[in-house]
Amino acid sequence: MAHWTSAVGAAQLARLLNSQQERPAGPGTRRPPAYRALADGIRLLVLEGRVPVAARLPAERELALALSVSRTTVAAAYEALRSEGFLESRRGAGSWTAVPAGNPLPARGLEPLPPEALGSVIDLGCASLTAPEPWLTRAVQGALEELAPYAHTHGDYPAGLPALRAMIAERYTARGIPTMPEQIMVTTGAMGAIDAICHLFAGRGERIAVESPSYANILQLMREAGARLVPVAMAEGLTGWDLDRWRQVLREAAPRLAYVVADFHNPTGALADEDQRRRLVDAARSAGTVLVADETMSELWLDDDFEKGAMPRPVCGFDPAGSTVITVGSASKAFWAGMRIGWVRAAPDVIRSLVSARAYADLGTPVVEQLAVNWLFSTGGWEQAVELRRSQARENRDALVAAVRRELPDWEFEVPKGGLTLWVRAGGLSGSRLAEAGERVGVRVPSGPRFGVDGAFEGYVRLPFTVGGAVAQEAAVRLAAAARLVEAGATGGTEAPRMFVA
């Protein structure tokens, strides 16, 4: 029986290893032997979750050829990993990744830190804030008051509660996008919406164009669905999309789907302007690509100029026929991550197809949570709760920016006008090494490669606006301590680990 559950090819592993660009060594610094550098590189990929546990590694000869090193180097690296508990082997079955006893399994996405660890670790991994009370409690109470009629039914509403579908459609209409309830499906969060869209439009092996960088959990969802991701670089700074690149990718790769976050992009915070939105919709229509626009951050503008109506029109506003754009929204970012209510806005025939396919997935979204969101929308509670959320995120953003500038002055970033995340170039350090060192000093931070394809963005980390005040200051102090560990080459292992460069 095989002891591995997946496999990593030699070429793929070589790309991941070579993405770990090493910072130039200082004068007199002794580099580790080649086998040690290779072992440390593989170990780091496992700890980051970029190579899964129980993944079969390529044979020694195959990896040596892909890396242009000797087979002896690969054999010695594998032996070092076996001795440290990061590799297991069996004759006839090959070698597969593992973690030593007592080590936690690496998170493949950005899973929230367990509550029991919150006292000792500052969690900058999950871009979610605490609930905006008293609005959560009031919404649940309002939902319970409306529950009785639904309790006398089977409780399965694959398209969503009619009242909530009508309310969401009304909200789009109020934004200048005429919408019928038949164009709305309620889902279990935005992740549930995008999962359903991918399964309907992009079968295994289909191409999906994605921003580079993009939201890590969505990228992982698409990978596990068997999609072939085609990255498209963002424009410089926070200016949105590079339309020349998008047109080229849509024309040459002909992806079935394209996934974009136009409003306070995750992780960069970029905001696409109206001209970019119009041109991207036109390019997608010409290429026959379905454009999925994620609006989960659209209400999280943090600067005062947006109060005067400066937000661009929604992406779907440039697709009046409804044939190109599918919009995804959610209560999880603007309100609370524990409120797992999302929705899809699309042409009625697309909604019907999504609803039909749902019979083989989750059947529907919890009724009480739908009633709670409907209560918020219908009473004005949503607007007051989101304003509270903006105020909290704004204060946290300003505190985190000040703390990072004070403790890590060589780290580079632009301050976004909205959203929940800061995209930071870490002063020439490896984001993967910083993430590993951060675990040792009590701060959890996701590295840049989680938000890219095939190891891109090694020099970045993402910092969310989830802590403020003294906690933000302490987070920056711990990040500075992690940076010092990385600079000293002391992030783990029996010798000073370095990036492997073939």
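Each helix and strand in the chain was counted, giving 16 helices and 15 strands. Taken across its 502 residues, the chain has 54% of its residues classed as buried. Of all intrachain contacts in the chain linking residues separated by at least 6 positions in sequence, the fraction that spans at least 24 positions is 76%. Summed over its atoms, the accessible surface of the chain is roughly 20900 Å², and 53% of this surface lies on carbon and sulfur atoms.

Attention now moves to the sheet that holds strand S10 (residues 290–294). Taken in spatial order, the seven strands of this open sheet run S6-S12-S11-S10-S9-S7-S8, and their pairing is mixed. With one partner strand each, in any of the chains shown, strand S6 (184–187) and strand S8 (228–233) form the two edges of the open sheet. Along the sheet, successive strands turn relative to each other by an average axial angle of 20°, direction set aside. In this structure, strand S7 (residues 207–212) lies alongside S8, joined through six bridges in parallel fashion. The residue bridging Ser212 from the neighbouring strand is Ala233, located in S8. Helix H7 (residues 162–174) rests against S6, strand S11 (325–330) and strand S12 (342–345) of the sheet, and its axis sits at about 120° to S6.

Right, let's get into the packing of helix H15 (residues 431–441) against helix H16 (residues 469–487). Viewed as axis vectors pointing N to C, H15 and H16 meet at an angle of 120°, and their least axial separation amounts to 8 Å. With respect to each other, H15 and H16 are oriented oblique. Remark: the crossing between H15 and H16 carries right-handed chirality. Seen from H15, the contacting residues are Arg433, Leu434, Ala437, Gly438, Arg440 and Val441; seen from H16, they are Arg478, Ala481, Ala482, Ala483, Leu485 and Val486. A breakdown of the residues in the contact of H15 with H16 according to their chemical character gives eight nonpolar, one polar and three charged.

Turning our attention to the packing of aromatic side chains. Counted according to the given criterion, the structure contains eight aromatic pairs. A ring pair is formed by Tyr150 and Tyr157, whose centres lie 6.1 Å apart and whose planes are at 75°; its orientation type is edge-to-face. A centroid spacing of 5.9 Å and a plane angle of 80° characterise the contact between Phe457 and Tyr460, whose relative ring orientation is edge-to-face. Overall, Tyr460 belongs to the buried group, its relative accessible area being 16%.

A surface patch of nonpolar side chains, about 220 Å² in accessible area, is lined by Val140, Leu144 and Val368. Given the relative accessible area of 32%, Val368 is considered partly exposed.

Another aspect to go through is the environment of Leu243. Relative to the helices and strands, Leu243 is located in helix H10 (residues 243–253). Separated by 34 residues in sequence, Leu243 and Arg277 have C-alpha atoms that sit 9.4 Å apart. In contact with Leu243, not counting residues within four places along its chain, are Gln276, Arg279 and Leu280.

Strand S15 (residues 460–464) sits mainly inside the fold: five of its five residues count as buried. Residues Tyr460, Arg462 and Pro464 line one face of S15 and the alternating positions Val461 and Leu463 line the opposite face, and both faces are buried. Direction of pairing for strand S13 (residues 421–425) relative to S15: antiparallel, over a ladder of five bridges. Residue Thr421 lies in a different strand from S15, and its bridge partner there is Pro464.

Here we take up the pattern of salt bridges. Scanning all chains against the criterion turns up 24 salt bridges. Glu79 is the partner of Arg82 in a salt bridge, and the nearest nitrogen-oxygen pair spans 3.3 Å. Here Arg82 and its partner Glu79 are both found in helix H4 (residues 71–84), three residues apart, which amounts to about one turn of the helix. In this structure, the salt-bridge partner of Arg175 is Glu295, at a minimum N-O distance of 3.3 Å. Remark: Glu295 occurs in the loop between S10 and S11 and Arg175 occurs in the loop between H7 and S6; sequence separation between them is 120 residues. According to the relative accessible area criterion, Arg175 is partly exposed, its value standing at 40%. Linked by salt bridges that have partners in common, Arg36, Asp40, Arg43, Glu84 and Glu436 make up one network.

Turning our attention to H15. Given 3.6 residues to a turn, an α-helix orients residues that are three or four positions apart in the same direction. Counting buried residues in H15 gives eight out of eleven residues, a clear majority hidden from the surface. Of all the residues in H15, the buried ones are Gly431, Ser432, Arg433, Leu434, Ala435, Glu436, Ala437 and Gly438. Put simply, Ser430 is the residue that caps the front of H15, since its side-chain oxygen is 3.2 Å from the backbone nitrogen of Ser432. Phi turns positive, to about 90°, at Gly442, one or two residues after H15.

Time to look at H10. Of the positions making up H10, those classed as buried are Leu243, Trp246, Val249, Leu250 and Ala253. Down the axis, H10 shows its buried residues gathered within 130° of arc, on one side only. In H10, the exposed positions that point more than 90 degrees away from the buried face belong to Asp244, Arg251 and Glu252. Buried residues along H10 sit in contact with S7, S8, strand S9 (257–260) and helix H11 (274–287). Its side-chain oxygen placed 3.2 Å from the backbone nitrogen of Asp244, Asp242 serves as the N-cap of H10. At the C-terminal side of H10, Ala254 shows a positive phi close to 45°.

About the criteria used
All chains use their own residue numbering, which begins from 1 and follows the written sequence. Confidence filtering applies because this is a predicted model: local features only for residues at pLDDT of at least 70, side-chain atom pairs given and counted only at 80 or more, and all residues used for totals across whole chains, interfaces and linings. Hydrogen atoms and water are omitted, and side-chain values are computed over all heavy atoms in the structure. Labels follow the DSSP assignment, with helices taken as runs of H or I lasting at least four residues and strands as runs of E lasting at least two, numbered in each case from the N terminus. We call a residue buried when its accessible area falls under 20% of the maximum for its residue type, exposed when it is over 50%, and partly exposed in between, using a 1.4 Å probe and counting protein chains only. It only takes one pair of heavy atoms within 4.5 Å for two residues to be counted as in contact. Per-residue and other accessible areas follow the Shrake-Rupley method at a 1.4 Å probe size, with only the shown protein chains counted as cover for residues. By this definition, two strands are paired if DSSP reports at least two bridges between them. Here, axes are lines fitted to C-alpha atoms. For helices the fit covers the stretch in contact, and angles between N-to-C directions go from 0 to 180 degrees. Here the word oblique covers every angle except those under 35 degrees (roughly parallel), over 145 (roughly antiparallel) and from 65 to 115 (roughly perpendicular). Crossing handedness is read from the near helix: turned anticlockwise from the far helix by less than a right angle, it gives a left-handed crossing, and turned clockwise, a right-handed one. Only Asp, Glu, Lys and Arg are considered charged, only Ala, Val, Leu, Ile, Met, Phe, Trp, Tyr, Cys and Pro nonpolar, and every remaining residue, Gly among them, polar. Think of it this way: a Phe, Tyr or Trp ring, Trp meaning its six-membered ring, pairs with another when their centres are within 6.5 Å, and the plane angle makes it stacked under 30 degrees, edge-to-face over 60, tilted otherwise. Patch building starts from residues that exceed 30% relative accessible area and form no salt bridge, then joins like charges within 9 Å and nonpolar side chains (Val, Leu, Ile, Met, Phe, Trp, Tyr) within 5 Å. Throughout this description, the term salt bridge denotes a Lys or Arg side-chain nitrogen within 4 Å of a carboxyl oxygen of Asp or Glu. Pairing of N or O atoms within 3.5 Å defines a polar contact, subject to two protein rules: one partner must be a possible hydrogen donor and the other a possible acceptor, and residues neighboring in sequence count only if both atoms are side-chain atoms. Throughout, the arc means the angular range of directions from the helix axis out to the C-beta atoms.

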